[in-house]
Amino acid sequence: MSARHLEFPTKLYLPVLVLLCSIFAWQPLKGDDDFWAHAAIGRWIAQHGQVPDQTLFLWGPGTPIPWVYHSWLSQLTFYGVMINGGPVWVEILTCAIAGIILIWMWQVWARRGRITSLMPLLFAIALWCSSPRLHPRPELFSGLFLCPLLTFLLTWTEARRNGDFQPGLKWKIPALLAMFALWANFHGGVATGLVFIALTVLGEAIQDVLERRSFKPTLWLAALVPLCAAAVCINPYGPKYWTALGSVGSVMFSYIDEWKALWKAPFMPPEAILIAGVLAFVALAAWIQGPRHRVAHLLWLLFAIVAFAMARRNLWQMAQVSLFVMAANAAALDTEHFWRVWRKGAGQKTGSDEHGAIPPPMRAIVRYSALFGLVCWLPGAAPRDFLPLRATAQHLPAPSAEFIRQHYPKARLFSDYLTTSYLQWHLSGHPPLYMDLLNAYDVHLMQDYFAIIQLEPRGLKLIDDLKIDLVLLKRHKPGERIAKFALWMNNNPQWKTVYRGDDATIWARRQKIP
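Here is a short report on the structure shown in this document.

Reading guide: rules and limits
- Residues numbered from 1 in each chain as written.
- Predicted model: local features only at pLDDT ≥ 70, side-chain atom pairs only at ≥ 80, totals over all residues.
- Heavy atoms only, no water.
- Salt bridge = Lys/Arg side-chain N within 4 Å of Asp/Glu carboxyl O.
- Helix = DSSP H or I, 4+ residues; strand = E, 2+ residues; numbered from the N terminus.
- Buried < 20%, exposed > 50% of the residue type's maximum accessible area, 1.4 Å probe, protein only.
- Axes fitted to C-alpha atoms, helices over the stretch in contact; angles between N-to-C directions.
- Parallel < 35°, antiparallel > 145°, perpendicular 65-115°, else oblique.
- Contact = heavy atoms within 4.5 Å.
- Nonpolar A, V, L, I, M, F, W, Y, C, P; charged D, E, K, R; others polar.

Some points on the pattern of salt bridges
With the rule as written, the count across this model stands at 20 salt bridges. Of the charged contacts in the structure, one is a salt bridge between arginine 294 and glutamate 204, with a shortest N-O distance of 3.4 Å. Placement of arginine 294 in the loop between helix H11 (270-289) and helix H12 (295-310) and of glutamate 204 in helix H8 (residues 190-211) is noted, with a sequence separation of 90 residues between them. With relative accessibility at 0%, the residue glutamate 204 sits in the buried group. For arginine 213, the salt bridge identified is with aspartate 208, shortest N-O distance 2.3 Å. Side by side, arginine 213 and aspartate 208 carry an identical accessibility label, which is buried.

Description of unusual backbone geometry
At the junction of alanine 265 and proline 266, the peptide bond is cis and its omega measures out at -5° in the coordinates. Examined against the element boundaries, proline 266 turns out to sit in the loop between helix H10 (224-232) and H11. In this chain, histidine 430 is followed by proline 431 through a cis amide linkage whose omega measures 0°. Looking at the secondary structure, you find proline 431 in the loop between helix H17 (420-427) and helix H18 (443-453). We note that phenylalanine 57 has phi near 65°; this positive angle belongs to a residue other than glycine. On the secondary structure map, phenylalanine 57 appears in the loop between helix H2 (35-48) and helix H3 (72-85). Residue class for phenylalanine 57 comes out buried when judged on its relative accessible area of 14%. Positive phi is not limited to glycine here, since leucine 455 has a value of about 55°. Of note, leucine 455 is situated in the loop between H18 and helix H19 (457-465).

Considerations on the packing of H3 against helix H7 (residues 173-186)
To characterise two packed helices, one gives the angle between the axes of the helices and the distance between these axes. Packing of H3 against H7 leaves a shortest axis separation of 4 Å and a crossing angle of 70°. What the angle tells us is that H3 and H7 run roughly perpendicular. Here H3 contributes Trp72, Leu73, Ser74 and Thr77 to the contact with H7, which in turn contributes Leu182, Asn185 and Phe186. Tallied by class, residues from the contact of H3 with H7 come to four nonpolar, three polar and no charged.

Below, the structure is given as structure tokens:
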């Protein structure tokens, strides 16, 4: 078989993976996507020409409260795309960012090793387990900025290992500082960027001791931590920006599923945890078997694993870091290496010549099989109702939101937690909401919310004490948490149904509380 036919499948791996990535990323916008809430904040910023410093569109007790909108530039971007192109362009933007991240990581690996049949498999399962995070949300930009950061750190550590540390790397530092300033205004995930630099400094310092080499380059790298931290302060809030991190470990975040640890309910699908574990295991095995053994890379991986275990939303970050560690040790994952190890274990002679390599017919079978498997995965990765392509979900709560806007613009509206995101976009504060999906409020507001929908005695009293006069609950199934509350509303003579549609049900109080 000719070399041209042997190389043909490898040239198609990346295009097919990009297509697979687009299928995963194209998820029609639903009412519970927090994109709507972010776009609503972006609209407020565009209309007022400033970044807010307190909560918006809320009437719940204790609101408004001071709040740092660390993703204000993402929110403004989402609004700009939405107002100029609509939901279709929002989906295109999501696919484009996810695709750029994929291509970037592929090229990082391709520069450090051969493109083999194992590469697309590892990238495909990384895409699969990361797919729940491929939504139009500020987190997308953190995934994007993480790529040049890890590439810079990877190049730095490789140059140090080879003993030819390049002073030219120093001139990339201004660009890195500019990136951190920009990243800080797109998403609070910039804090993890500082962690990865600090871990690299620690790893390089350990390497300096073990290899008895000069600390000077490591000191250069260490200086980046305070410099990048200072760059983060270039935002509308200045150093006050860092107060936004205080909410991450708060009681409030313990109520949010994506911030829960893996061992807490509701549990992640076991297959997702298994695949994520496979990625981390392969990355660790590559680091152990690889010739480089950079301590910094091991620290990256361990941090990513712990971060994912503590908060499941970090799944995508762990997949990215795993692929970067694999790329740094690409030689250990080369199928040619596996073939030689197998032949040696079987007692067969191997060498550096063509006789020790994988036979061309076997190589062709494996490469074409990998390509065939990727192509077959494409229709399986798409949701059942993927075609025809839609940018918004079928039961978006637009009709119910418009009904409220026209008939109850001054009501004290109480709605289910998930629908608040779209309501924030559609109503724009007319009427305001009891709470929203941005979680920009005190934990007691969330506790009161659960007391109400779970029909606790305290919650039933709160309905009157808060003078709630309008309730909206999204379309739901009998087993859902809000089903019991909806049944109570239907049977309560103090309330009447004023709207019932495929998207939601709305009740209005017959007699307002004085």
